[in-house]
Amino acid sequence: MSSLTLVAHALTPALRGLVLGGAPDPDPASVESARELKLEADATYAGPEPAAIQTAEALGLTPTVEPALRDRDYGDWSGRGLEDLLAADPTGVAAWLERPHTATPGGETENDVITRVADWLGDLVERHDDRSTLVAVVHPAVVRAVILYVLDAPAESLRHVDIRPLATVTLSHHTGNWSLAFH
């Protein structure tokens, strides 16, 4: 049985300010808090965001950067705050928030992210043996997408999964299936 621990990267100004996308550096205090997490891994992966890479390094791990583990692509809305978007396009933002099958202009839907991470999980199984201990440090949106995939939950369920910075979720893989693993 393989295990995969997902770690939501350290807090960033974008997460604090509800800014969509972008690649800001993490808050130094949050990175310092990551040092307190004790994780070991046969292999470590990270999304391409600086916060993911720096969080993995703070954990004492050397990550392989995986483009498939990137945050959701928000297209034309990348780098913009939710409050700003609500003021500029309340109808578009409301439609996007209410229907996760809706993409932001030029961006991805939640289902696109779920499909991307599902493909990565399938590739991961092929790369590692049945007794591997793996860690992936990613944006909280990616952790949410993995949880929805593992639970076979619809994209509409994303609003019921709250992932905070430095949260960890462990999965186990056995006989072709991923499962949430509670310790």
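Please read all numbers here as calculations on a predicted model, not as lab measurements.

Right, let's talk about the environment of His183 for a bit. Of note, His183 is situated in the segment after strand S6 (177-180). When the C-alpha positions of His183 and Leu61 are compared, they lie 22 Å apart, and in sequence the two are 122 residues distant.

Let's shift gears to the nonpolar core. Counting 30 residues, the largest nonpolar core has Leu4, Trp120, Leu124, Ala136, Val143 and Leu171 as its most contacted members. Where this core is concerned, the elements lending two or more residues are strand S1 (2-8), strand S2 (43-46), helix H6 (110-127), strand S4 (133-138), helix H7 (140-151) and strand S5 (168-174). With seven residues, the single largest contributor to this core is H7. Ignoring sequence-local partners within four residues, the contact set of Leu4 consists of Trp120, Leu121, Leu124, Leu134, Val135, Ala136, Val169, Thr170, Leu171 and Trp178. Counting 13 residues, the second largest nonpolar core, distinct from the first, contains Ala34, Ala52, Ala58 and Leu59.

With respect to the helices, strands and loops of the structure, Tyr45 is situated in strand S2. Along the backbone, Tyr45 and Val65 are 20 residues apart, and their C-alpha atoms lie at a distance of 5.8 Å. When sequence neighbours within four positions are dropped, the list of residues in contact with Tyr45 reads Pro63, Thr64, Glu66, Leu69, Trp120, Leu124, Arg127, His128, Val135, Ala136 and Val137.

Our next topic: the packing of aromatic side chains. The geometry of an aromatic ring pair is captured by two quantities: the separation of the ring centres and the angle between the planes. Under the definition given, this model contains three aromatic pairs. Considering the side-chain rings of Tyr74 and Trp96, the 6.1 Å spacing of their centres and the 80° angle between planes classify their relative orientation as edge-to-face. Residue Tyr74 is found in the loop between strand S3 (64-65) and helix H4 (82-88), and its partner Trp96 is found in helix H5 (residues 90-98); the two are separated by 22 residues along the sequence. Like Trp96, Tyr74 is buried. Centre to centre, the rings of Trp77 and Trp96 are 5.7 Å apart; their planes meet at 90°, and the pair counts as edge-to-face.

Each value, and the rule that gives it
- Residues numbered from 1 in each chain as written.
- Predicted model: local features only at pLDDT ≥ 70, side-chain atom pairs only at ≥ 80, totals over all residues.
- Heavy atoms only, no water.
- Helix = DSSP H or I, 4+ residues; strand = E, 2+ residues; numbered from the N terminus.
- Core = buried A, V, L, I, M, F, W, Y, C linked by side-chain atoms within 4.5 Å.
- Buried < 20%, exposed > 50% of the residue type's maximum accessible area, 1.4 Å probe, protein only.
- Contact = heavy atoms within 4.5 Å.
- Phe/Tyr/Trp six-rings, centres within 6.5 Å; stacked < 30°, edge-to-face > 60°.

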